[in-house]
Amino acid sequence: MPTKPSKRVYFPPGSQTFGRSEPPTAVLPPSLYCGHCYKLQWELRPLKLRRCTGCGLVTYCSKECQKAAWNRHRASCRGQKTLDSAALAQISEGSAVKQWVEKIHHYAVISLAGGLVRMHPGITPDSFTSPNHALLFRLEACADNNPAKRFRPVTAPCIVERAHLGELAKEWAKWDAECRDTAVFVRRFAPDSVDCFAGMLPAIFIVVNTGLVMFHHVAVYGLPHMRDPLEPSSRVMIQDVVDMCVESLQCGLVFHCSEDQTQDLPDVGTYVRKGREWEWEPLANWNWDEFVATVTRTDPQAPRMRPRPSWCRFHDELS
């Protein structure tokens, strides 16, 4: 039987910021989000964030959130300078997040972006001419030297409208220009993907409890099908892929594009230390069925998750 040609989308390495310099990092005023549930001010309306009376830095949306966060916040409440200055400097420079996004979890981040965009009714091919949406990640810095486990999402990544970003949208004109410039580089240097490449989407990575945010941009694919209505069965399968990607980020598993061109499922591995370096190593005897049994699903009532058909449909929609 002849081998079925692959429709798998090729995500060129580094295509989030292809040809770009170090992304900027800025300080995020703590008053913009709750220190426990991590919701931004616009998500909490009409509630208003209130500052901790101990440190005056961290804010909470309710007494319940402040109480729930106290065990974690206690040590730093009156001693903010006790934070590891070396680790904080690394985060402030953006290098750790940049590595986590671009090098380590490249495949999962782009898959997440593509899936969320395909399911979003307000995003069309014209949206990338002048973006009005951004991808939002809320990350927690973890005390782990493994670069794949350096951060983890504390909430599911989502797409946010520009109007809801408040102070975060002050640099929107700059992001817009960078997205358009980077899209030119991707189309020029990654011709294999140009037919399905839609454009660049602004991305915001908030590192909670540090007061830091990194502005970035992520490549989005799926241009040929963006104007087509999304069938309910396809939506379920794409959401399953998004949920699998979120779970991989949570536990430090790293998806790579399979070397087998007929394989829709990504290769799964982790980073291991070899001498002074960390290198990706595939996991032997990987079992997708066991993995999906641990995945937290966006819709608990959805049909049983089937990894292979879900990834196959995902690539069909993004190719």
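A quick note: this is a predicted structure, and the numbers were derived from the prediction, not measured.

### A short note on the nonpolar core
If you look at the biggest cluster of nonpolar residues, it comprises 58 residues, and the most contacted ones within it are Leu135, Met244 and Trp311. Sorting elements by how many residues they give to this core places helix H5 (residues 106-119) first, with nine residues. Counting residues in hydrophobic clusters, the runner-up holds 17 residues, among them Ala134, Leu165, Ile204 and Ile206.

### Some words on the confidence of the model for the protein
For the protein, the mean per-residue pLDDT works out to 82, and 85% of the residues sit at or above 70. Below pLDDT 50 for its whole length, residues 1-6 participates in four contacts with residues either more than four positions away or in separate chains. Contacts for the low-pLDDT stretch residues 80-84, under 50 throughout, to residues beyond four places or in other chains number five contacts.

### Considerations on the packing of aromatic side chains
Under the criterion given, the structure shown has 13 aromatic pairs. Pairing Trp172 with Trp175 gives two aromatic rings, centres 5.4 Å apart and planes at 50 degrees, and the pair type is tilted. In this pair, Trp172 and Trp175 both sit in helix H6 (residues 172-189), three residues apart, roughly one turn of the helix. On the accessibility criterion, Trp172 (3% relative accessible area) is buried.

### With respect to the sheet that holds strand S10 (residues 267-274)
Where strands meet in a sheet, backbone hydrogen bonds hold them as pairs that are either parallel or antiparallel. Read across the open sheet, the three strands follow the order S9-S10-S11; overall the sheet is antiparallel. Two strands bound the open sheet, and with one partner strand each, they are strand S9 (254-256) and strand S11 (277-282). Between one strand and the next, the sheet's axes are offset by a mean angle of 45 degrees, whatever the strand orientation. With three bridges connecting them, S9 and S10 associate as antiparallel partners. Across the sheet, the residue bridging to His256 is Asp267, located in S10.

### Looking at unusual backbone geometry
We note that Tyr38 has phi near 65 degrees; this positive angle belongs to a residue other than glycine. Considering the arrangement of structural elements, one finds Tyr38 in the loop between strand S1 (25-27) and helix H1 (41-44). Take Tyr38: its relative accessible area is 6%, and that puts it in the buried class.

### Quick look at the pattern of salt bridges
The final tally for this structure, using the stated rule, is nine salt bridges. With a shortest N-O distance of 2.7 Å, Glu43 and Arg138 are connected by a salt bridge. With Glu43 in helix H1 and Arg138 in strand S4 (residues 133-141), this pair connects stretches of sequence that are 95 residues apart. The salt bridge partner of Asp240 is Arg297, with a shortest N-O separation of 2.6 Å. With Asp240 in helix H7 (residues 232-251) and Arg297 in the loop between helix H8 (288-292) and helix H9 (307-318), the pair connects residues that are 57 residues apart, well separated along the chain. Accessibility expressed as a relative area gives 4% for Asp240, which makes it buried. Residues participating in the shared-partner salt-bridge network are Lys274, Glu279 and Glu281.

Rules behind the numbers
Residues numbered from 1 in each chain as written. Predicted model: local features only at pLDDT ≥ 70, side-chain atom pairs only at ≥ 80, totals over all residues. Heavy atoms only, no water. Core = buried A, V, L, I, M, F, W, Y, C linked by side-chain atoms within 4.5 Å. Buried < 20%, exposed > 50% of the residue type's maximum accessible area, 1.4 Å probe, protein only. Helix = DSSP H or I, 4+ residues; strand = E, 2+ residues; numbered from the N terminus. pLDDT = per-residue confidence, 0-100. Contact = heavy atoms within 4.5 Å. Phe/Tyr/Trp six-rings, centres within 6.5 Å; stacked < 30°, edge-to-face > 60°. Pairing = 2+ DSSP bridges. Axes fitted to C-alpha atoms, helices over the stretch in contact; angles between N-to-C directions. Salt bridge = Lys/Arg side-chain N within 4 Å of Asp/Glu carboxyl O.

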